[in-house]
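Structural characterization, general
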Amino acid sequence: PDSSGSPGGYCPAGSVEPTPCPQGTHSRSWNATSSAACQSCPAGWSCDTAGLIDPSALCTPGHYCGGGVIRSTDSPCPAGRYNDEFLGLTAFTSCPLCPAGFSCYIGTGAPNQPKRPCAVGHYCPEGTAYDTQYPCPPGTYTNRNNLVNASECSP
């Protein structure tokens with residue numbers, strides 16, 4: 001058996017088989033002798049299996065990935081924010097605010113969980129978390145959806 005350290009793992013002194021870097025890490029180093037060669041998966045990426053040479057995937061829509069992430073779905077964008085693309089977002093603050101006229105539940109991101117239209121009788125300013133969060137003021141109403149501010153509600 002090959003006892004030299006190859007990328008994706010390391011070989012401690014006296015070992016016969018290489019030890020793979022754990023999930024959440026990767027290594028491009030040759031002849032590494034300790035787990036110190038295993039680097040935390042970079043922010044924006046996931047490292048879902050042991051023994052990776054390079055990160056395995058960008059974060060998925062509706063999610064962000066801080067460093068050391070195992071699955072690209074571990075950290076959903078919070079309610080009121082979204083991510084529609086494989087952008088490799090690194091923090092929840094990187095998830096854009098939900099656009100006015102829509103609501104964004106936790107983990108919103110096309111195609112699996114698209115932005116939702118604002119409910120009839122409600123308005124949704126930028127950053128709205130759920131479709132009934134902002135009802136039209138007392139004495140006003142609307143039979144339309146996707147309103148963006150209270151002034152659009154009719155008496």
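Residues numbered from 1 in each chain as written. Predicted model: local features only at pLDDT ≥ 70, side-chain atom pairs only at ≥ 80, totals over all residues. Heavy atoms only, no water.

Moving on to the nonpolar core. By size, the foremost hydrophobic cluster in this structure holds five residues: Y10, C21, A32, A37 and C38. Once residues lying within four places of it in the same chain are set aside, the contact partners of C21 are G8, G9, H26, S27, C38, A50 and G51. (Core = buried A, V, L, I, M, F, W, Y, C linked by side-chain atoms within 4.5 Å. Buried < 20%, exposed > 50% of the residue type's maximum accessible area, 1.4 Å probe, protein only. Contact = heavy atoms within 4.5 Å.)

Here we come to unusual backbone geometry. What is expected of a backbone is that most residues other than glycine have negative phi and most peptide bonds are trans. Residue P111 is reached from A110 by a cis peptide bond, and omega for that bond is 0 degrees. If you trace the backbone, P111 turns up in the loop between β7 (102-103) and β8 (116-117). Even without being a glycine, N146 presents a positive backbone phi close to 65 degrees. Assignment of secondary structure puts N146 in the segment after β8. What makes N146 partly exposed here is its relative accessible area of 29%. (Helix = DSSP H or I, 4+ residues; strand = E, 2+ residues; numbered from the N terminus.)

Let us now look at the state of the cysteines. Between two cysteines, a covalent bond joining their sulfur atoms is known as a disulfide. Per the stated rule, a full pass over the model turns up seven disulfides. Disulfide pairing is shown between C21 and C38; the S-S distance is 2.1 Å. In this structure, the disulfide formed by C21 and C38 twists by about -80 degrees around the S-S bond and is classed as left-handed. Taken together, the residues span a long stretch of sequence, with C21 in the loop between β2 (19-20) and β3 (25-26) and C38 in the loop between β3 and β4 (39-40) at a distance of 17 residues. By relative accessible area, C21 is classed as buried at 0%. Between C98 and C104 runs a disulfide, and the two sulfur atoms are separated by 2.1 Å. Across the S-S bond of C98 and C104 the torsion is about 75 degrees, and the bridge reads as right-handed. By relative accessible area, which is 0% here, C98 ends up buried. (Disulfide = S-S within 2.5 Å.)

Per-residue confidence for the chain gives a mean pLDDT of 92; residues scoring 70 or more make up 97%. Mean pLDDT across the elements of the chain ranges from a minimum in strand β6 (residues 57-58), with 91, to a maximum in β7, with 97. (pLDDT = per-residue confidence, 0-100.)

A complete count under the given rule lists four salt bridges for this structure. We note a salt bridge from R28 to D54, for which the minimum N-O separation is 2.9 Å. With a gap of 26 residues between them, R28 in the loop between β3 and β4 and D54 in the loop between β5 (45-46) and β6 connect regions that are remote in the sequence. For R28, a relative accessible area of 57% puts it in the exposed group. As a salt-bridge pair, R71 and D74 come within 3.2 Å of each other at their nearest N and O atoms. Overall, R71 belongs to the partly exposed group, its relative accessible area being 48%. (Salt bridge = Lys/Arg side-chain N within 4 Å of Asp/Glu carboxyl O.)

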